[in-house]
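Breakdown of the fold
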Amino acid sequence: MKISVCGKGGSGKSTVVALLANEARARGYRVLVVDSDESNSGLFRMLGFAHPPVPLMELVGGKKSLKQKMAQTNVLSETQIATAHIPEKYLLQKNGLKLVAIGKILQALEGCACPMGVLSREFLKKLTLETDELAIVDMEAGVEHFGRGVETSIDSVLIVVEPPLESVNVGQKIHELASGIGIKNVWAIMNKVPSEEIATRLKAELQKRRIEVVGCIYFDAGIFSSSLDGRIPVNGIAVREIKDVLARILSGVGMPAPG
Ligand SMILES: Nc1ncnc2c1ncn2[C@@H]1O[C@H](COP(=O)(O)OP(=O)(O)OP(=O)(O)O)[C@@H](O)[C@H]1O
Ligand SMILES: [Mg+2]
C-alpha cells in the first residue's frame, strides 16, 4: 500500500508520518518512507537516522538533466522499482525502516520545484511493494502536488487537520482533489487538538464536508518538547493514539497482517 500524508503547512504531516512508520514497523510491516517535501529536511532525524539519504534527484543528475537521465539506464528508468533495487546511498535503512528522499531546494534562484514533482510522481508510479510492505509519503504542504500528478499511483491519502478553519479548508480541497482522481481511501486525522470539546467540533466540521475521520492526536507537550531536538517521542499519548489510526487505515485498505 502507498499512502500519502498531506495537509496544510505545519499541521503535523512529518510527525504523523514518523509515528505511523514506527507503529507499522512495530507491527512487523516493512516500511519505506518517501520524503517528498522539497523544503523541509528534518524527516531523517525524526525517524532516528543520523543523516539524510542522498536525494534521488542526484541519481538522475540534478534537476536540469532530469528528462534525459530518466530516459537513460539507471534504476529510475526501469518500469518497476522494488525497494531492494534502490542503490544503498539513496536508501537509508535501520531496524527495517527505510527512507528515500526525492530532493530539496538548496539554493536561491535554482528554479522551481516542478522537477521534484515529476520525479516523485514517476518514482511512486514505478515503485512496486511486497504484500507486507508499506510506503508512507511525507508530502509537501498544500495542494500543488496534485497539480503535478504526484498522487497518480497512491492508494490512500491521510489528511492531517488541525483546528484552524484554514487547515480544515485545505483538507477539504485535498479530499476533493484526491477523490477526483479516483482515490477511494481518503481520511483525515485531527492533530494538535487541545480538548475534547474542540475534537468534537473539529470532527463535526470534517464530517459536514463528508470527510471520514480515522483518529485524533491531542496536543502533546511531549511531541513539542522532542521537536526541539528534531525528534518525535517513542512513547506517550500520541504513540498510543496512532495505534488505532494505523489499525483503521490497514483495515480500510484490507491489508493483511504481516508474516
Ligand atoms: N499532536 C501534537 N502536539 C504538539 N505538537 C505537535 C503535534 N503534532 C505536531 N506538533 C508540532 O508541530 C510542529 C509542526 O509539525 P510537523 O513538522 O510534523 O508539521 P508538517 O505538517 O510536517 O510541517 P511542514 O508543512 O513544514 O512540513 C512541530 O513543532 C511538531 O513538533
Ligand atoms: Mg513536514
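Now for a quick tour of the structure.

Cut-offs used in this document
Residues numbered from 1 in each chain as written. Chains lettered and ligands numbered in written order. Predicted model: local features only at pLDDT ≥ 70, side-chain atom pairs only at ≥ 80, totals over all residues. Helix = DSSP H or I, 4+ residues; strand = E, 2+ residues; numbered from the N terminus. Expected span 1.5 Å × (residues − 1). Buried ≥ 20, exposed ≤ 12 C-beta atoms within 10 Å, placed from the backbone. Arc of directions from axis to C-beta. Contact = placed C-beta atoms within 7 Å. Pairing = 2+ DSSP bridges. Axes fitted to C-alpha atoms, helices over the stretch in contact; angles between N-to-C directions.

Here's the deal with helix 8 (residues 196-208)
Taking 1.5 Å of rise per residue, the 13 residues of helix 8 would be expected to cover 18 Å, and the 18 Å separating its terminal C-alpha atoms lies within 8% of that figure. Residues of helix 8 that are buried include every one of L202, E205 and L206, and no others. The arc that holds the buried residues of helix 8, viewed along the axis, is 95°, so those residues lie on one side. Every exposed residue of helix 8 that faces more than 90 degrees away from the buried side is listed here: E196, E197, T200, A204, Q207 and K208.

Concerning the environment of A18
With respect to the element layout, A18 can be found in helix 1 (residues 13-26). The sequence separation of A18 and R231 amounts to 213 residues, and the corresponding C-alpha distance is 9.2 Å. For A18, the contacting residues outside a window of four places in its chain are M46, L47 and I232.

Focus on the sheet that holds strand 5 (residues 97-101)
Taken in spatial order, the eight strands of this open sheet run 4-5-2-7-1-8-9-10, and their pairing is mixed. Strands with a single pairing partner mark the edges of an open sheet, and in this sheet they are strand 4 (92-94) and strand 10 (212-218). Direction aside, the axes of adjacent strands within the sheet are offset by 20° on average. Of the strand pairs in this sheet, strand 2 (residues 30-36) and strand 5 are connected by five bridges, and their pairing is parallel. Within strand 5, the position partnered with V33 by the bridge is L99.

Looking at unusual backbone geometry
Non-glycine residue N95 carries a positive phi angle of around 50°. Within the secondary structure layout, N95 lies in the loop between strand 4 and strand 5. Phi at K192 is positive, roughly 55°, even though this residue is not glycine. Tracing the chain through its elements places K192 in strand 9 (residues 185-193).

By themselves, these are just geometric observations and shouldn't be taken as functional.
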